[in-house]
Structures are given as structure tokens and as C-alpha cells.
Amino acid sequence: MTTKLTEGMALVADPAWSDKIRAELTQNQYNGRVGHVLLLETDDVRVWRIQLMPGERVGFHRHQLKYFWVAMNCGKSVSRHATGVTRETTYNPGDIKHIQFGPGEFMLHDLINTGDTELLFTTVEFKASANLPLPL
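Small disclaimer: the values here were computed from a predicted structure and weren't measured.

(A) Here's a closer look at the nonpolar core. Residues Ile50, Leu52, Tyr67, Trp69, Tyr91, Leu111 and Phe121 are the most contacted members of the largest nonpolar core, which totals 13 residues. When contributions to this core are tallied by element, the ones reaching two or more residues are β3 (45-52), β5 (66-71), β9 (105-113) and β10 (119-126). Other than its neighbours up to four places away in sequence, tryptophan 69 contacts Tyr91, Asp95, Ile96, Lys97, Phe121, Thr122 and Thr123. Core analysis: the second largest hydrophobic core is formed by eight residues, Leu5, Leu25, Phe106 and Leu108 among them.

(B) Quick look at the pattern of salt bridges. For the coordinates displayed, the defined rule picks out six salt bridges. Here arginine 62 makes a salt bridge to glutamate 7, at a shortest N to O gap of 2.2 Å. Of this pair, arginine 62 sits in strand β4 (residues 57-63) while glutamate 7 sits in the loop between β1 (5-6) and α1 (19-27), and the two are 55 residues apart along the sequence. Take arginine 62: its relative accessible area is 2%, and that puts it in the buried class. The residue aspartate 110 makes a salt bridge to arginine 57 at a minimum N-O spacing of 3.0 Å. Of this pair, aspartate 110 sits in strand β9 while arginine 57 sits in strand β4, placing them 53 residues apart in sequence.

(C) Broad picture of α1. Of the positions making up α1, those classed as buried are Ile21, Glu24 and Leu25. Seen along its axis, α1 keeps its buried residues to an arc of 105°; they face one direction. Relative to its buried face, α1 has exposed residues pointing more than 90 degrees away, namely Asp19, Lys20 and Gln27. Residues of α1 that are buried sit in contact with β4, β6 (75-80) and β9.

What counts as what
Residues numbered from 1 in each chain as written. Predicted model: local features only at pLDDT ≥ 70, side-chain atom pairs only at ≥ 80, totals over all residues. Heavy atoms only, no water. Core = buried A, V, L, I, M, F, W, Y, C linked by side-chain atoms within 4.5 Å. Buried < 20%, exposed > 50% of the residue type's maximum accessible area, 1.4 Å probe, protein only. Helix = DSSP H or I, 4+ residues; strand = E, 2+ residues; numbered from the N terminus. Contact = heavy atoms within 4.5 Å. Salt bridge = Lys/Arg side-chain N within 4 Å of Asp/Glu carboxyl O. Arc of directions from axis to C-beta.

Function-wise, these values are silent; they only describe arrangement.
See the structure below:
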């Protein structure tokens with residue numbers, strides 16, 4: 001099942017999600033802060049760090065630029081997506097995932113550390129993408 005949306009598609013919240021989470025999904029649908037700390041921004045890239053202790057969460061944020069992430073250590077997470085999909089993921093050090101979006105495509109999700117170790121990622125967004133960067 002896909003987690004990408006296109007402009008004009010309705011956001012879908014799982015009925016099991018709390019009212020607070022549903023409201024955050026709507027409120028953050030244009031949140032371009034895809035990490036905790038923006039380490040570097042140039043004309044070409046944005047480089048982010050995500051650091052989550054067990055039980056911590058990154059709220060809903062929107063990806064619409066071509067990007068990749070690198071897991072720096074082992075861990076587990078759950079992500080709720082605006083398509084209604086919930087995904088569990090296990091990471092190993094050095095895991096990398098590349099994601100691209102066509103014109104008008106995006107992904108809106110949160111990230112919860114469900115493991116017993118810190119999660120640490122580096123994410124690199126490429127501004128030369130099919131969509132414009134969101135303002136921060």
C-alpha cells in the first residue's frame with residue numbers, strides 16, 4: 001500500500017487515532033521540518049538530524065522533495081501516514097532509503113521510536129526536485 005499522496009487528495013486518519021493526533025495531522029500538513037535539527041542548508045540541499053529516545057516522537061511533517069535518510073544505529077519505529085497506513089520498521093546501522101516524488105506528490109507522516117535504543121538518522125533533501133521546498 002502506498003504512502004504517497006497528490007495535491008487535492010483527502011488526508012485519511014485511522015479511526016483509532018486520537019482526536020489530538022487527527023488535529024495535528026491537519027495542522028501540520030505543510031510542515032516542512034522533516035527533522036529535529038537543520039544541520040545545513042545550501043542552495044542545493046537541506047541536511048537534517050533526527051534523534052529520538054525510546055518513546056519519543058517526531059510530529060507530522062511533509063516530505064515533497066527528493067531525499068534519502070541514513071540510520072546511524074539499530075532501532076524500531078512506527079510511522080502513521082496521512083493515507084491511513086501505519087508502518088512498523090526495524091533499522092540497522094547504515095540502512096539507507098531513497099525516496100522521490102513526482103510533481104504534486106508528497107508524504108505526510110509522524111515517527112515514533114518504539115524500540116529500546118535511541119534512534120539517530122541523517123536525512124538529506126535535494127532542493128532540485130519535482131516540487132518546491134516548503135518554507136521552514
